[in-house]
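Working through the structure, step by step
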Amino acid sequence: MGAPRAVVFGYHNVGVRCIKVLLAGGVDIALVVTHEDSPTENLWFESVASLCQAEGIPYITPLDARAPELLAQVQAAAPDMLFSFYYRHMLPASILEVAPAYNMHGSLLPQFRGRAPVNWAVLHGATQTGATLHEMTVKPDAGAIVAQTAVPILPDDTAFEVFGKVTVAAEQTLWGVLPALLDGTAPRQLNDLRQGGYFGGRKPEDGRIDWKLPAQQVYNLHRAVAPPYPGAFTEFNNVIYVIETARLSKRSAGSLPAGLAVVDNCIFGVCGDGRMLAISALRAAGEPISAQQLQASLTARVSTH
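What you see is a predicted model; the values in this text were computed from it and never measured.

Okay, the overall build of the chain next. Looking only at helices and strands, one finds eight helices and 15 strands in the chain. C-alpha atoms of the chain, sized along the principal axes, occupy 80 × 35 × 30 Å. Per-residue burial over the chain gives 49% buried out of 305 residues. A fraction of 68% describes how many contacts in the chain between residues 6 or more apart in sequence connect residues 24 or more apart. A total of about 14600 Å² of accessible surface is found on the chain, and carbon and sulfur atoms cover 54% of it. Of note, the chain has its 22 positive side-chain charges centred 8 Å away from the centre of its 26 negative side-chain charges.

Attention now moves to the sheet that holds strand E7 (residues 128-135). Taken in spatial order, the seven strands make up an open sheet running E3-E2-E1-E4-E5-E7-E8, and their pairing is mixed. Of all strands in the sheet, those bounded by a partner on one side alone are strand E3 (59-60) and strand E8 (145-152). On top of the sheet, helix H3 (residues 68-76) reaches strand E1 (5-10), strand E2 (28-33), E3 and strand E4 (81-85); it is set at about 145 degrees to E1, its chief contact. Sheet strands touched by helix H6 (residues 159-183): E4, strand E5 (101-105), E7 and E8. Its angle to E8, the strand with the most contacts, is close to 150 degrees.

The next point concerns the UniProt feature "domain: Formyl transferase C-terminal" (unreviewed entry) in the chain. Sites flagged by UniProt as "domain: Formyl transferase C-terminal" (unreviewed entry) map to residues 203-294. For residues 203-294, the helix share is 16%, the strand share is 45%, and the end-to-end C-alpha distance is 27 Å.

Here Asp 141 is to be found in the loop between E7 and E8. Residue class for Asp 141 comes out buried when judged on its relative accessible area of 8%. In sequence terms Asp 141 and Ala 101 are 40 residues apart; their C-alpha atoms lie 12 Å from each other. In contact with Asp 141, not counting residues within four places along its chain, are Asn 103, His 105, Leu 109, Arg 113, Gly 114, His 134, Asn 191 and Leu 193.

Rules of the game
Residues numbered from 1 in each chain as written. Predicted model: local features only at pLDDT ≥ 70, side-chain atom pairs only at ≥ 80, totals over all residues. Heavy atoms only, no water. Helix = DSSP H or I, 4+ residues; strand = E, 2+ residues; numbered from the N terminus. Buried < 20%, exposed > 50% of the residue type's maximum accessible area, 1.4 Å probe, protein only. Contact = heavy atoms within 4.5 Å. Areas by Shrake-Rupley, 256 points an atom, 1.4 Å probe, with all protein chains shown as cover. Lys, Arg positive; Asp, Glu negative; His and termini not counted. Charge placed at Lys NZ, Arg CZ, Asp CG, Glu CD. Pairing = 2+ DSSP bridges. Axes fitted to C-alpha atoms, helices over the stretch in contact; angles between N-to-C directions. UniProt positions renumbered as here; feature names shortened; annotations may be inferred.

Pasting the structure below:
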(Lines give C-alpha, C1' and ligand atoms only; values in the text may rest on other atoms or scores of the structure.)
Protein backbone atom coordinates (compact mmCIF):
# COMPACT_ATOMS: atom_id res chain seq x y z
CA MET A 1 0.00 0.00 0.00
CA GLY A 2 1.35 3.43 -0.98
CA ALA A 3 1.65 6.51 1.14
CA PRO A 4 -1.68 8.07 2.19
CA ARG A 5 -2.67 10.89 -0.17
CA ALA A 6 -4.03 14.22 1.04
CA VAL A 7 -5.37 17.43 -0.40
CA VAL A 8 -4.58 20.37 1.91
CA PHE A 9 -6.40 23.70 2.10
CA GLY A 10 -3.96 25.95 3.93
CA TYR A 11 -2.72 29.46 4.63
CA HIS A 12 -0.77 31.41 7.23
CA ASN A 13 1.83 30.09 9.72
CA VAL A 14 -0.44 27.26 10.86
CA GLY A 15 -0.78 26.15 7.24
CA VAL A 16 2.99 26.12 6.76
CA ARG A 17 3.80 24.25 9.99
CA CYS A 18 1.04 21.65 9.59
CA ILE A 19 1.98 20.92 5.96
CA LYS A 20 5.54 20.31 7.21
CA VAL A 21 4.17 17.87 9.81
CA LEU A 22 2.26 15.94 7.11
CA LEU A 23 5.40 15.73 4.96
CA ALA A 24 7.46 14.57 7.94
CA GLY A 25 4.78 11.97 8.71
CA GLY A 26 5.05 10.44 5.24
CA VAL A 27 1.83 11.84 3.77
CA ASP A 28 1.78 12.32 -0.02
CA ILE A 29 0.31 15.80 -0.54
CA ALA A 30 -1.25 15.62 -4.00
CA LEU A 31 -2.50 19.21 -4.08
CA VAL A 32 -2.52 22.34 -1.90
CA VAL A 33 -5.27 24.94 -2.18
CA THR A 34 -4.22 28.32 -0.79
CA HIS A 35 -4.91 32.05 -1.22
CA GLU A 36 -3.38 34.81 -3.27
CA ASP A 37 -1.93 37.29 -0.78
CA SER A 38 -4.03 40.43 -0.46
CA PRO A 39 -2.15 43.64 -1.42
CA THR A 40 -4.05 45.55 1.29
CA GLU A 41 -3.12 43.21 4.15
CA ASN A 42 -0.14 43.44 6.51
CA LEU A 43 1.54 40.12 5.65
CA TRP A 44 3.43 39.25 8.83
CA PHE A 45 3.05 35.51 8.37
CA GLU A 46 4.73 32.75 6.36
CA SER A 47 3.66 31.75 2.83
CA VAL A 48 2.12 28.36 2.05
CA ALA A 49 2.68 29.03 -1.68
CA SER A 50 6.43 29.55 -1.08
CA LEU A 51 6.60 26.27 0.87
CA CYS A 52 4.85 24.45 -1.98
CA GLN A 53 7.35 25.90 -4.48
CA ALA A 54 10.26 24.76 -2.30
CA GLU A 55 8.82 21.25 -1.83
CA GLY A 56 7.59 20.81 -5.40
CA ILE A 57 3.95 20.42 -4.32
CA PRO A 58 1.32 21.47 -6.89
CA TYR A 59 -0.81 24.33 -5.57
CA ILE A 60 -3.69 26.50 -6.76
CA THR A 61 -5.24 29.75 -5.52
CA PRO A 62 -8.93 29.73 -6.56
CA LEU A 63 -11.04 32.75 -5.61
CA ASP A 64 -14.15 30.68 -4.89
CA ALA A 65 -14.15 27.47 -2.83
CA ARG A 66 -17.53 26.58 -4.40
CA ALA A 67 -16.26 26.67 -8.01
CA PRO A 68 -17.02 23.42 -9.92
CA GLU A 69 -13.49 23.31 -11.35
CA LEU A 70 -12.04 23.25 -7.81
CA LEU A 71 -14.22 20.26 -6.93
CA ALA A 72 -13.03 18.52 -10.11
CA GLN A 73 -9.37 19.17 -9.21
CA VAL A 74 -9.84 17.84 -5.66
CA GLN A 75 -11.61 14.73 -6.98
CA ALA A 76 -8.88 14.19 -9.59
CA ALA A 77 -6.24 14.18 -6.83
CA ALA A 78 -8.02 11.09 -5.38
CA PRO A 79 -7.14 11.92 -1.74
CA ASP A 80 -7.54 9.54 1.18
CA MET A 81 -8.13 12.56 3.42
CA LEU A 82 -8.57 16.32 3.31
CA PHE A 83 -7.07 18.87 5.69
CA SER A 84 -7.85 22.53 6.27
CA PHE A 85 -5.20 24.58 8.09
CA TYR A 86 -6.26 28.23 8.42
CA TYR A 87 -7.84 28.28 4.97
CA ARG A 88 -10.13 31.30 4.94
CA HIS A 89 -13.13 30.01 2.98
CA MET A 90 -15.85 27.62 4.08
CA LEU A 91 -15.59 24.34 2.20
CA PRO A 92 -18.87 23.24 0.59
CA ALA A 93 -20.48 19.85 1.24
CA SER A 94 -19.48 18.65 -2.25
CA ILE A 95 -15.77 18.92 -1.34
CA LEU A 96 -16.21 17.52 2.18
CA GLU A 97 -17.82 14.41 0.63
CA VAL A 98 -14.66 13.57 -1.38
CA ALA A 99 -12.76 12.14 1.63
CA PRO A 100 -12.69 12.35 5.45
CA ALA A 101 -11.86 16.00 6.23
CA TYR A 102 -10.10 17.52 9.24
CA ASN A 103 -9.69 21.17 10.24
CA MET A 104 -7.20 22.78 12.63
CA HIS A 105 -8.88 25.50 14.69
CA GLY A 106 -7.06 28.03 16.87
CA SER A 107 -8.95 27.54 20.12
CA LEU A 108 -9.90 24.82 22.58
CA LEU A 109 -13.20 23.83 20.96
CA PRO A 110 -16.02 24.25 21.67
CA GLN A 111 -14.73 27.61 22.98
CA PHE A 112 -14.30 30.49 20.48
CA ARG A 113 -15.70 28.89 17.35
CA GLY A 114 -15.66 30.96 14.16
CA ARG A 115 -13.30 33.68 12.99
CA ALA A 116 -10.25 35.26 14.67
CA PRO A 117 -10.35 32.86 17.67
CA VAL A 118 -7.04 34.01 19.17
CA ASN A 119 -8.04 37.69 19.08
CA TRP A 120 -11.43 36.95 20.65
CA ALA A 121 -9.87 34.83 23.40
CA VAL A 122 -7.51 37.67 24.38
CA LEU A 123 -10.31 40.23 24.15
CA HIS A 124 -12.44 38.20 26.54
CA GLY A 125 -9.61 37.87 29.05
CA ALA A 126 -9.27 34.09 28.66
CA THR A 127 -6.32 32.61 30.56
CA GLN A 128 -5.78 29.75 28.13
CA THR A 129 -6.53 28.73 24.57
CA GLY A 130 -4.97 26.26 22.17
CA ALA A 131 -5.38 24.33 18.93
CA THR A 132 -7.99 21.70 18.08
CA LEU A 133 -8.02 19.20 15.21
CA HIS A 134 -11.59 18.23 14.45
CA GLU A 135 -13.68 16.49 11.81
CA MET A 136 -15.10 18.93 9.30
CA THR A 137 -18.84 19.32 8.78
CA VAL A 138 -20.75 21.87 6.74
CA LYS A 139 -21.36 23.80 9.96
CA PRO A 140 -18.09 25.54 10.98
CA ASP A 141 -16.05 24.20 13.90
CA ALA A 142 -18.80 21.73 14.80
CA GLY A 143 -17.39 18.28 13.99
CA ALA A 144 -16.05 15.75 16.49
CA ILE A 145 -12.79 16.66 18.24
CA VAL A 146 -9.82 14.44 17.32
CA ALA A 147 -7.08 16.08 19.42
CA GLN A 148 -6.29 19.39 21.13
CA THR A 149 -3.41 21.08 22.92
CA ALA A 150 -3.74 23.93 25.44
CA VAL A 151 -1.44 26.95 25.80
CA PRO A 152 -1.50 29.68 28.47
CA ILE A 153 -2.50 33.27 27.83
CA LEU A 154 -0.43 35.29 30.30
CA PRO A 155 -1.82 38.59 31.63
CA ASP A 156 0.30 40.79 29.32
CA ASP A 157 0.32 38.55 26.22
CA THR A 158 -0.79 40.18 22.98
CA ALA A 159 -2.79 38.23 20.39
CA PHE A 160 0.35 38.12 18.21
CA GLU A 161 2.29 36.42 21.02
CA VAL A 162 -0.57 33.99 21.67
CA PHE A 163 -0.82 33.22 17.95
CA GLY A 164 2.82 32.08 18.06
CA LYS A 165 1.97 29.65 20.86
CA VAL A 166 -1.16 28.43 19.06
CA THR A 167 0.92 27.74 15.93
CA VAL A 168 3.22 25.48 17.98
CA ALA A 169 0.16 23.89 19.63
CA ALA A 170 -1.28 23.15 16.16
CA GLU A 171 1.98 21.50 15.11
CA GLN A 172 2.09 19.41 18.32
CA THR A 173 -1.58 18.43 18.01
CA LEU A 174 -1.22 17.17 14.45
CA TRP A 175 2.14 15.50 15.11
CA GLY A 176 0.78 13.60 18.10
CA VAL A 177 -2.38 12.27 16.46
CA LEU A 178 -1.20 11.79 12.85
CA PRO A 179 -0.16 8.11 13.21
CA ALA A 180 -3.60 7.30 14.66
CA LEU A 181 -5.31 9.31 11.91
CA LEU A 182 -3.41 7.40 9.24
CA ASP A 183 -4.18 3.95 10.68
CA GLY A 184 -7.82 4.77 11.46
CA THR A 185 -7.60 4.62 15.26
CA ALA A 186 -7.85 8.38 16.01
CA PRO A 187 -10.19 9.20 18.91
CA ARG A 188 -13.44 11.12 18.43
CA GLN A 189 -14.79 13.31 21.22
CA LEU A 190 -18.12 15.10 21.15
CA ASN A 191 -17.82 18.80 20.31
CA ASP A 192 -20.56 20.08 22.64
CA LEU A 193 -21.84 23.20 20.90
CA ARG A 194 -23.88 24.17 23.96
CA GLN A 195 -20.53 25.17 25.50
CA GLY A 196 -18.49 28.15 24.28
CA GLY A 197 -19.72 30.54 21.62
CA TYR A 198 -19.48 31.43 17.94
CA PHE A 199 -17.70 34.63 16.92
CA GLY A 200 -17.52 36.51 13.62
CA GLY A 201 -14.60 38.23 11.93
CA ARG A 202 -13.13 41.45 13.30
CA LYS A 203 -12.79 44.76 11.44
CA PRO A 204 -10.30 47.57 12.21
CA GLU A 205 -13.23 49.73 13.46
CA ASP A 206 -13.76 47.16 16.24
CA GLY A 207 -10.53 48.48 17.78
CA ARG A 208 -12.12 51.81 18.81
CA ILE A 209 -11.59 52.40 22.55
CA ASP A 210 -14.45 53.30 24.89
CA TRP A 211 -12.58 54.99 27.76
CA LYS A 212 -15.66 54.68 30.00
CA LEU A 213 -14.98 50.93 30.26
CA PRO A 214 -12.86 49.50 33.11
CA ALA A 215 -9.10 49.51 32.50
CA GLN A 216 -8.85 45.71 32.27
CA GLN A 217 -11.36 45.65 29.39
CA VAL A 218 -9.55 48.45 27.55
CA TYR A 219 -6.25 46.64 28.12
CA ASN A 220 -7.72 43.37 26.79
CA LEU A 221 -8.84 45.20 23.65
CA HIS A 222 -5.34 46.66 23.19
CA ARG A 223 -3.76 43.20 23.63
CA ALA A 224 -6.25 41.60 21.24
CA VAL A 225 -5.54 43.98 18.34
CA ALA A 226 -1.98 45.24 19.06
CA PRO A 227 0.39 45.29 16.03
CA PRO A 228 0.76 43.56 13.63
CA TYR A 229 -3.04 43.73 13.88
CA PRO A 230 -4.54 47.21 13.21
CA GLY A 231 -4.34 48.33 16.86
CA ALA A 232 -6.70 49.83 19.45
CA PHE A 233 -7.36 53.49 18.66
CA THR A 234 -8.95 56.63 19.99
CA GLU A 235 -9.92 59.87 18.26
CA PHE A 236 -9.22 63.32 19.69
CA ASN A 237 -9.48 66.68 17.92
CA ASN A 238 -9.94 64.88 14.55
CA VAL A 239 -6.69 62.95 15.04
CA ILE A 240 -6.71 59.15 15.31
CA TYR A 241 -4.20 57.85 17.86
CA VAL A 242 -3.27 54.14 17.73
CA ILE A 243 -1.83 52.45 20.82
CA GLU A 244 1.21 50.39 19.87
CA THR A 245 2.42 49.24 23.30
CA ALA A 246 0.84 49.68 26.72
CA ARG A 247 0.27 47.93 30.00
CA LEU A 248 -1.88 48.37 33.07
CA SER A 249 -0.57 51.11 35.37
CA LYS A 250 -0.53 50.87 39.15
CA ARG A 251 -1.05 54.65 39.38
CA SER A 252 -4.48 56.03 40.19
CA ALA A 253 -6.04 58.47 37.71
CA GLY A 254 -7.14 60.79 40.51
CA SER A 255 -9.44 63.45 39.05
CA LEU A 256 -8.23 63.11 35.44
CA PRO A 257 -11.07 62.80 32.88
CA ALA A 258 -11.40 59.61 30.80
CA GLY A 259 -9.24 59.48 27.67
CA LEU A 260 -5.63 60.28 26.80
CA ALA A 261 -3.58 62.21 29.37
CA VAL A 262 0.03 63.21 29.99
CA VAL A 263 1.36 62.88 33.56
CA ASP A 264 5.04 63.48 34.48
CA ASN A 265 5.94 63.47 30.79
CA CYS A 266 4.40 60.01 30.31
CA ILE A 267 1.33 59.09 28.24
CA PHE A 268 -1.61 57.41 29.94
CA GLY A 269 -5.10 56.28 28.99
CA VAL A 270 -7.57 57.07 31.76
CA CYS A 271 -10.39 54.51 32.06
CA GLY A 272 -13.86 54.51 33.55
CA ASP A 273 -12.90 52.76 36.79
CA GLY A 274 -10.22 55.35 37.71
CA ARG A 275 -7.38 53.05 36.62
CA MET A 276 -5.01 53.83 33.76
CA LEU A 277 -3.06 52.28 30.93
CA ALA A 278 0.58 53.35 30.76
CA ILE A 279 1.11 53.89 27.01
CA SER A 280 4.76 53.51 26.00
CA ALA A 281 4.24 53.82 22.22
CA LEU A 282 1.49 55.87 20.56
CA ARG A 283 1.14 56.65 16.85
CA ALA A 284 -0.86 59.04 14.68
CA ALA A 285 -0.84 58.80 10.86
CA GLY A 286 1.84 56.12 11.22
CA GLU A 287 4.26 58.42 13.08
CA PRO A 288 5.30 58.06 16.74
CA ILE A 289 3.76 60.65 19.08
CA SER A 290 5.81 61.87 22.06
CA ALA A 291 4.36 62.92 25.40
CA GLN A 292 5.29 66.53 24.53
CA GLN A 293 3.45 66.37 21.20
CA LEU A 294 0.37 64.86 22.82
CA GLN A 295 0.47 67.44 25.64
CA ALA A 296 0.55 70.23 23.04
CA SER A 297 -2.49 68.77 21.27
CA LEU A 298 -4.41 68.30 24.52
CA THR A 299 -3.58 71.83 25.68
CA ALA A 300 -4.48 73.37 22.31
CA ARG A 301 -7.87 71.72 22.46
CA VAL A 302 -8.52 72.99 25.99
CA SER A 303 -7.48 76.58 25.19
CA THR A 304 -9.82 76.85 22.21
CA HIS A 305 -12.90 76.24 24.35
